[in-house]
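Each chain, written out:
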Amino acid sequence: MGQDWNYQLGRKRVLLFCVQQEDTDHNYYTSKTYGPTDPMSKDLWVNVDQMDKEKVKIHGILSNTHRQAARVNLSFDFPFYGHFLRDLTVATGGFIYTGDVVHRMLTATQYIAPLMANFDPSVSRNSTVIYFDNGTALVVQWDHVHLQDNYDLGSFTFQATLHSDGRIVFAYKEIPMEVAHISSVNHPVKVGLSDAFVVVHRIQQIPNVRRRTIYEYHRVELTKTKITNSTAVEMMPLPTCLQFTSCDSCISSQINFNCSWCHLLRRCSSGFDRHRQDWVDNSCPDETKDKSCDIINTTQLYPFTTTLVAKTTGQSRSKGETTTAGASSSTSHPPTSVPTEGKTTNISMPKESAAERKDTHPLHTGLILGILGVLLIMAAAVLVTVYIYHHPTSAASLFFIERRPSRWPAMKFRRGSGHPAYAEVEPVGQEKEGFIESEQC
C-alpha cells in the first residue's frame, strides 16, 4: 500500500499554501511551440521503443492506480529554476512533482506539467507510465492514458523530457480532444511549470508542532489551445541569480532579476527561490541594501577617534599641562573631557546649554508633533495595506504572512475537501517491473 501523505502526518506538520496568480512573463524560461506540420515536432518526440530496453522502465504501480505518485532518482543534476535536482516525483495525473516536501496536494505548485488532468491508468490495460534515463535526459511518457470521467473520449499519449542543461520539452502524440475543454471539476488542468519555496514555522500554542507554508513565487502557463496531435513545446532556461558564485559577478549581473550577494551565506539571490527561509533568517535582505562587496570593518572608526585624542593631548602639553595615560586609550565615542593635572577642560558644555534651551520650548509644540506623528503612522498603515493587497508576493507581504499568528485564516487542505489528493507509492526499487507487459500477454 502507498503511504498516505497529508498535513496531519504524525501530527507534527501542518501544510499551508499561498499560491499567487498566474505569472506568464517567462522570466525564468522562454518557450516555443511547434505545430503539427513543423519538422521539429517530430524531432522532439522521443521514441522509447527504440531506446535501450534495460533502461526503459514501466512503473507497474503507477500504471494500475489513480492519483498515485512515485519517486524517481536521476543519474544527473537537473537544473530547475536555478536549483539542481536529483530526484523527482512522477504522478499518474500527467505531471512531475519537483518539491522536497511530499504532501497530498501535489497539484498546487512545484510541478512540470505537460498535461495535468484527471488521468486514471487503472481503467485500461493498455495504459502505462514509462520513464527512461540515459544519463543526460529523463523521459517520462504517459502512454494511452484515459480521463477517469471521460473514458469514451479516447486515450492520450504525451511525454516530458528533462535535459541536463535545464531544457524542458513537452511532446504530444495523441490528444483526442481540445485541452481547454477538459473538465477541472475533479482535478486541476494545467500545462506549464511552477516553483515555490517552503517556510517552516513553530506553533507556540501547540508544542512540538511545525507549520510548513508553501509560497508559489513563479508559474509558467502555456496556451492550452495550441496543444494538439503531433505538437511540441520547448522551454529554454534563462539565467538566474543562483548561478553566480562571487559577489562581483552577482551585483554586476545584467539579467532579468535584481541580484544581491549575502556575505554570510556566500550566495547570490533575488530573495525569491527555494532558499528563501535561509535568506531571511540570516538577515540577508538587510545586508544587501548597500549593494556593495566590501565587508564593513568597524575597526576603521578607531583611528579617527585616536587622532582627535592625540590632537587634544598635544594642545594640553603645549600649555605645560600633564595628560593622564587614560586619555590616549579612548573608545569609539569622542571624549567629552580631557583629564589633566590640576585642571579639567569640559568640551561638552555648549551642548548642555543647547539642551537646556530646548527644555524651555512651549509644551504644546510636543503635543502637535505627537498628533502629526500619529496621523503619519495611520496614513502609512493604510498605504502599506493597499500595497500588500495589490502585491501579494512582494517582500512586505511575505514579511507579514510569515509572521502571522496561527489563528489567521489560510488555505488548509483537508481530506474530503473536494481537492485532488495524491499518495506516494513504494520506493522505485520495490516497483513491479514488467507487470503490465505480462498482464497484456
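What counts and what doesn't
Residues numbered from 1 in each chain as written. Predicted model: local features only at pLDDT ≥ 70, side-chain atom pairs only at ≥ 80, totals over all residues. Heavy atoms only, no water. UniProt positions renumbered as here; feature names shortened; annotations may be inferred. Buried < 20%, exposed > 50% of the residue type's maximum accessible area, 1.4 Å probe, protein only. Helix = DSSP H or I, 4+ residues; strand = E, 2+ residues; numbered from the N terminus. Pairing = 2+ DSSP bridges. Polar contact = N/O pair within 3.5 Å; in protein donor to acceptor, adjacent residues only side chain to side chain. Contact = heavy atoms within 4.5 Å. 1 Å grid on protein atoms, 1.4 Å probe; cavity = no way out; pocket = protein on both sides within 12 Å on 5 of 7 lines; lining within 4 Å. Points joined across faces, edges and corners; volume = space filled by probe spheres on them. Nonpolar A, V, L, I, M, F, W, Y, C, P; charged D, E, K, R; others polar. Salt bridge = Lys/Arg side-chain N within 4 Å of Asp/Glu carboxyl O.

An unreviewed UniProt entry lists the protein under the name Plexin domain containing 2b, from Hucho hucho. Under Subcellular location (unreviewed entry), UniProt gives the following word-for-word description of the protein: "Membrane".

1. Structural notes on the pairing of strand β9 (residues 137-145)
Across the nine residues that make up β9, a large majority, eight, are buried. Pairing analysis gives six bridges linking strand β8 (residues 128-133) to β9, with the strands arranged antiparallel. Opposite Tyr 131, over in β9, you have Val 140 as the bridge partner.

2. What about the side chain of His 146?
By secondary structure assignment, the location of His 146 is in the loop between β9 and β10 (156-163). For His 146, the side chain forms a polar contact with the main-chain oxygen of Gly 154, separated by 3.4 Å. For His 146, the contacting residues outside a window of four places in its chain are Asn 118, Phe 119, Asp 120, Val 123, Ser 124, Ser 127, Tyr 151, Gly 154 and Ser 155.

3. Concerning empty space enclosed by the protein
Here the structure, examined in full by the defined rule, presents two cavities of 30 Å³ or more. Of the voids in this model, the largest cavity is the one considered here, and its volume is about 60 Å³. In terms of lining, the largest cavity is formed by Tyr 28, Tyr 81, Thr 240, Cys 241, Leu 242, Phe 257, Ser 269, Ser 270, Phe 272 and Asp 273. In terms of residue class, the lining of the largest cavity is built from six nonpolar, three polar and one charged.

4. Quick look at the pattern of salt bridges
Going through the model one piece at a time under the given rule, you end up with six salt bridges. For Arg 167, the salt bridge is made with Glu 234, and the minimal N-O distance between the two is 2.9 Å. Linking Arg 167 in the loop between β10 and β11 (168-174) with Glu 234 in strand β14 (residues 231-237), this pair joins segments that are 67 residues apart in sequence. Here Arg 167 and Glu 234 have matching classes, each one buried. The residue Glu 221 makes a salt bridge to Arg 219 at a minimum N-O spacing of 3.6 Å. In this structure Arg 219 comes out as buried when scored by relative accessible area, which is 6%. Each of Glu 216, Arg 219 and Glu 221 takes part in a single network of salt bridges with overlapping partners.

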